[in-house]
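The primary structure of each chain is shown beneath.
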Amino acid sequence: HLRDREVWEYLKEIHQFATDETHKEKLDQLFSLVEFQLGYAIFQEIELAKVSISKEPLKEFTFNYNYPGIKINQLIEIEEYKSVMSVIIDEIVNSMSDVFNQSGISISGVDEVVLTGGTAQYFLIQKAFSELFGEKRIIEHKVFQSVVGGLSEYAVKLIRQK
């Protein structure tokens with residue numbers, strides 16, 4: 001959306017009204033991010049940071065990303081991160097509970113729960129699912145490959161429908 005002409009023009013317009021050098025610098029970094037199409041590269045670094053945060057017992061973590069024209073050094077307080085993540089985890093669990101309620105299937109009727117993808121590796125997600133289903137029913141299987149596999153199967157179904 002940032003490359004959309006209207007948004008891009010708006011960003012250039014507000015750049016001239018930046019109140020100080022720090023704000024101008026941040027907008028310059030945003031322009032570099034969009035111009036050099038670095039969204040995916042930064043997303044990959046964010047994923048690596050999430051993995052580090054979820055696997056290591058840290059009190060704080062500094063997210064670093066450096067590219068010509070962009071320098072990000074963001075301190076992340078782990079307790080604050082946990083607080084924000086717990087809201088998201090509650091939303092996930094509540095949505096899942098709604099599905100169980102609507103389907104008429106009880107949690108006790110589930111034999112296995114396969115956690116897949118990067119977010120499922122976060123220890124608070126694993127803890128929430130272990131509390132709901134019991135640790136013995138939680139399975140990790142091809143954590144990242146299964147997401148790609150599922151997407152490819154879905155793509156094949158879409159192609160066959162056409």
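Residues numbered from 1 in each chain as written. Predicted model: local features only at pLDDT ≥ 70, side-chain atom pairs only at ≥ 80, totals over all residues. Heavy atoms only, no water.

Focus: the packing of aromatic side chains
Step number 1: Using the criterion set out here, one finds six aromatic pairs in the structure.
Step number 2: Between Phe-100 and Phe-133 the ring centres are 6.1 Å apart and the planes differ by 50 degrees, which places this aromatic pair in the tilted class. In this pair, Phe-100 is assigned in helix α4 (residues 78–103) and Phe-133 in helix α5 (residues 123–133), connecting sequence segments 33 residues apart.
Step number 3: Look at Phe-133 and you get buried, because its relative accessible area is 4%.
Step number 4: An aromatic cluster is defined as three or more aromatic residues linked by ring pairs; in this entry it consists of Tyr-81, Tyr-122 and Phe-123. (Phe/Tyr/Trp six-rings, centres within 6.5 Å; stacked < 30°, edge-to-face > 60°. Helix = DSSP H or I, 4+ residues; strand = E, 2+ residues; numbered from the N terminus. Buried < 20%, exposed > 50% of the residue type's maximum accessible area, 1.4 Å probe, protein only.)

Examining the packing of α4 against α5
Step number 1: In the contact formed by α4 and α5, the axes pass within 10 Å of each other and the chain directions differ by 35 degrees. Considering only the axes of α4 and α5, their crossing is right-handed. Contacts between α4 and α5 involve Lys-82, Ile-89, Ile-92, Val-93, Met-96 and Phe-100 from the former and Phe-123, Leu-124, Ile-125, Ala-128, Phe-129, Leu-132 and Phe-133 from the latter.
Step number 2: Split into classes, the residues belonging to the contact of α4 with α5 amount to twelve nonpolar, no polar and one charged. (Axes fitted to C-alpha atoms, helices over the stretch in contact; angles between N-to-C directions. Left-handed = near helix turned anticlockwise from the far one by under 90°. Contact = heavy atoms within 4.5 Å. Nonpolar A, V, L, I, M, F, W, Y, C, P; charged D, E, K, R; others polar.)

A few points about the confidence of the model for the protein chain
Step number 1: Averaged over every residue, the pLDDT of the protein chain is 86; residues scoring 70 or more account for 95%.
Step number 2: Within the protein chain, helix α6 (residues 145–161) has the poorest average pLDDT of any element, 79, and strand β1 (residues 60–67) the best, 93. (pLDDT = per-residue confidence, 0-100.)

Observations regarding unusual backbone geometry
Step number 1: With phi around 50 degrees, Gln-37 is a residue other than glycine that occupies positive phi space.
Step number 2: Mapped onto the elements of the fold, Gln-37 is located in the loop between α2 (21–35) and α3 (39–55).

Overview of a nonpolar patch on the surface
Step number 1: A surface patch of nonpolar side chains, amounting to about 220 Å² of accessible area, comprises Val-84, Ile-88 and Ile-92.
Step number 2: Examined against the element boundaries, Ile-92 turns out to sit in helix α4. (Patch = residues over 30% accessible without salt bridge, like charges linked within 9 Å, V, L, I, M, F, W, Y side chains within 5 Å. Areas by Shrake-Rupley, 256 points an atom, 1.4 Å probe, with all protein chains shown as cover. Salt bridge = Lys/Arg side-chain N within 4 Å of Asp/Glu carboxyl O.)

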